[in-house]
Amino acid sequence: MAASPRTLSSRLFLTGWAGGCMWYLERRAVQAPPSKFMRLFRNASKEWITFQHFRFLKRLYVTQLNSSLNQRIKPKPEAVVSPFLENASSGEASAEMEAMRDHSPPGLTLPLKPRGEELVEVECASVVESPIDVGKTTREEKQWKEMKIRMDDLPGILARLSKIKLTALVVSTTSAGFALAPGPFHWPCFLLTSLGTGLASCAANSINQFFEVPFDSNMNRTKNRPLVRGQISPLLAVSFATCCAVPGVALLTWGVNPLTGALGVFNIFLYTCCYTPLKRISIANTWVGAVVGAIPPVMGWTAATGSLDAGALLLGGMLYSWQFPHFNALSWGLREDYSRGGYCMMSVTHPGLCRRVALRHCLALLALCTAAPVLDVTSWAFPAVSLPINLYISYLAFRFYRDADRKSSRKLFFCSLWHLPLLLLLLLTCKREARAPEAPAQAPAEAPS
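The structure presented is a predicted model; accordingly, all values stated were derived computationally and were not measured.

J.: Residues and numbers for the overall build of the protein, please.
T.: On a plain count of helices and strands, the protein comes out with 19 helices and 0 strands. Looking at the protein residue by residue over its 449 residues, the buried ones come to 35%. For the protein, contacts bridging at least 24 residues in sequence account for 72% of all contacts bridging at least 6. Split by element, the accessible area of the protein, about 27700 Å² in all, is 65% carbon and sulfur.

In structure tokens, the structure reads:
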């Protein structure tokens, strides 16, 4: 069938347009320098590599559709086929497989298949079975498990829960207050006072840790405490605190005297219900905490005498002033920790006040030691023998106030650790003996009449 004139003209037009394009490209190619040919070749290579990358990304997308399988997969184990079969011929390989089948257990059958198919099956089995095993272990880890505590670890956990070192310091200051009180030394009363004070301190420290678990977890200093790490349940911690507080207060109240028991209850309340929440509200927590540390020697004095005398207040004042250089120097090196924990400390919010308060109370120790012989607590030798250590800690407090660095704060803190025991030892050495009560003067006998 003959084509129409319009069709022929359109074909000729298209053929002429294509021929013109080809002629133009050939002319440009002839006139182009060789460098353009090399650039064209490199562009073609890049396009080919890009196409290969596209195919690779396509395969990667297909394999990652099942993301859980891809995440749980384990490295493939080595092939179970022995290495001596790698270079063996097909006849030798079949003979070895027959020998292995003969020596295999009756329940284990080795299928006789070509070597390539066996390797493929081994690889597939490793890929399929690994996620099942990993998923099984993951489910076991996510399951709820009962918290089990070994009886061997329980004493150490309870010791850290009750801050055993701080409790030992509280008992030692209480013992010093009992020994410094005038009057004879009564051993049963001393033991009951020490035991009751120690139990009350354990209860207060345990309740303090119970309240501060979410804040202690943010601090490097306290993140390893038993409640933070889950080594002990909160119910067990509260039960332990109750079992310490009730007999401790009972021993102080009925075993010693009601005044000492009342001071013990007040100290537990002050530490757990006032000092602990104030740590996140105001810097006044440092002064409240100093009062908490000043009460134990007063309890020792009241246990021995049954009354609050000037000597008891003097001992409480010494412990009150000593705690400011001790704690302020400690908190200076823990400013970042306290800030992360959300605690409002002088070293974080008022660093200048922190250094000034430490220096003031070191100077206050000089005045309190001078007042001891005036109140008939010690002899006049005590201000003289305690002057060197008081001057030294005051000098370190001045260095801390002036330099305001970690080195000076560390020196002041370590000095406070040995300053207090030495000061209490000097107090006991220079203790003034109780004067015997004078006998009333007898009236002169009347002359016989």
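After presenting the structure, the write-up continues.
J.: Account for the pattern of salt bridges, naming residues and giving values.
T.: Within this structure, the stated rule accounts for 7 salt bridges. When the shortest N-O distance is used, the salt bridge between Lys 279 and Glu 212 registers 3.1 Å. In this pair, Lys 279 is assigned in the loop between helix H12 (258-278) and helix H13 (285-305) and Glu 212 in the loop between helix H8 (187-211) and helix H9 (213-216), connecting sequence segments 67 residues apart. You can call Lys 279 buried: its relative accessible area is 9%. Take Glu 212: its relative accessible area is 1%, and that puts it in the buried class. The partner of Arg 399 in a salt bridge is Asp 403, with the nearest N and O atoms 3.2 Å apart. Separated by 4 residues within a single helix, Arg 399 and Asp 403 lie in helix H18 (residues 381-403), roughly one turn from each other. By sharing partners, the salt bridges in this structure join Arg 399, Arg 402 and Asp 403 into a single network.

J.: Kindly report on a nonpolar patch on the surface, identifying the contributing residues and their values.
T.: A cluster of nonpolar side chains, namely Tyr 392, Tyr 395, Trp 418, Leu 422 and Leu 425, defines an oily patch on the protein surface of about 490 Å² accessible area. At the level of elements, H18 and helix H19 (406-429) are the ones that each hand at least two residues to the nonpolar patch. When residues in the nonpolar patch are grouped by element, the largest group, 3 residues, is from H19. By secondary structure assignment, the location of Trp 418 is in helix H19. Looking at Trp 418, the relative accessible area reads 38%, which means it is partly exposed.

J.: Outline the layout of surface pockets, supporting the account with residue identities and numerical values.
T.: By volume, the largest pocket amounts to about 1300 Å³. As for the largest pocket, its lining consists of 49 residues, and the residues nearest its centre are Lys 163, Leu 166, Asn 205, Arg 221 and Tyr 271. Mapped by element, the contributors of at least two residues to the lining of the largest pocket are helix H6 (154-161), helix H7 (164-180), H8, H12, H13, helix H14 (310-332) and H19. Tallied by class, residues from the lining of the largest pocket come to 26 nonpolar, 15 polar and 8 charged.

J.: Tell me about unusual backbone geometry, residues and numbers included.
T.: For Lys 163, which is not glycine, the phi dihedral falls at a positive 50 degrees. Within the secondary structure layout, Lys 163 lies in the loop between H6 and H7. The backbone of Ala 404 sits at a positive phi, close to 55 degrees, despite the residue not being glycine. Take Ala 404: it is sitting in the loop between H18 and H19. The exposure class of Ala 404 is partly exposed, given its relative accessible area of 25%.

J.: Now, about the packing of aromatic side chains: what can you tell me, with residues and values included?
T.: As enumerated under the stated definition, the model contains 15 aromatic pairs in all. Their ring planes at 80 degrees and their centres at 6.0 Å tell us that Tyr 338 and Tyr 343 sit as a pair that is edge-to-face. Accessibility assignment for this pair places Tyr 338 and Tyr 343 in one class, buried. An aromatic cluster is defined as three or more aromatic residues linked by ring pairs; in this entry it consists of Phe 178, Phe 185, Trp 187 and Phe 190. Note that Lys 279 overlies the ring of Tyr 343, its terminal NZ or CZ placed 4.7 Å from the centroid. Against the face of Trp 332 rests Arg 335, its NZ or CZ located 4.1 Å from the ring centre.

J.: Please provide a residue-by-residue account of the nonpolar core, values included.
T.: Ranked by size, the top nonpolar core spans 41 residues in total, and within it Trp 301, Met 318, Phe 382 and Leu 427 carry the most contacts. Per-element tally for this core: the top contributor is H13, with 8 residues. What Met 318 contacts, discounting residues up to four positions off in sequence, is Leu 365, Leu 368, Cys 369, Ala 372, Phe 382 and Leu 427. Ranked by size, the runner-up nonpolar core spans 19 residues in total, among them Cys 344, Leu 359, Leu 412 and Cys 415.

Reading the values: rules and limits
- Residues numbered from 1 in each chain as written.
- Predicted model: local features only at pLDDT ≥ 70, side-chain atom pairs only at ≥ 80, totals over all residues.
- Heavy atoms only, no water.
- Helix = DSSP H or I, 4+ residues; strand = E, 2+ residues; numbered from the N terminus.
- Buried < 20%, exposed > 50% of the residue type's maximum accessible area, 1.4 Å probe, protein only.
- Contact = heavy atoms within 4.5 Å.
- Areas by Shrake-Rupley, 256 points an atom, 1.4 Å probe, with all protein chains shown as cover.
- Salt bridge = Lys/Arg side-chain N within 4 Å of Asp/Glu carboxyl O.
- Patch = residues over 30% accessible without salt bridge, like charges linked within 9 Å, V, L, I, M, F, W, Y side chains within 5 Å.
- 1 Å grid on protein atoms, 1.4 Å probe; cavity = no way out; pocket = protein on both sides within 12 Å on 5 of 7 lines; lining within 4 Å.
- Points joined across faces, edges and corners; volume = space filled by probe spheres on them.
- Nonpolar A, V, L, I, M, F, W, Y, C, P; charged D, E, K, R; others polar.
- Phe/Tyr/Trp six-rings, centres within 6.5 Å; stacked < 30°, edge-to-face > 60°.
- Lys NZ or Arg CZ within 6 Å of the ring centre and 35° of its normal.
- Core = buried A, V, L, I, M, F, W, Y, C linked by side-chain atoms within 4.5 Å.

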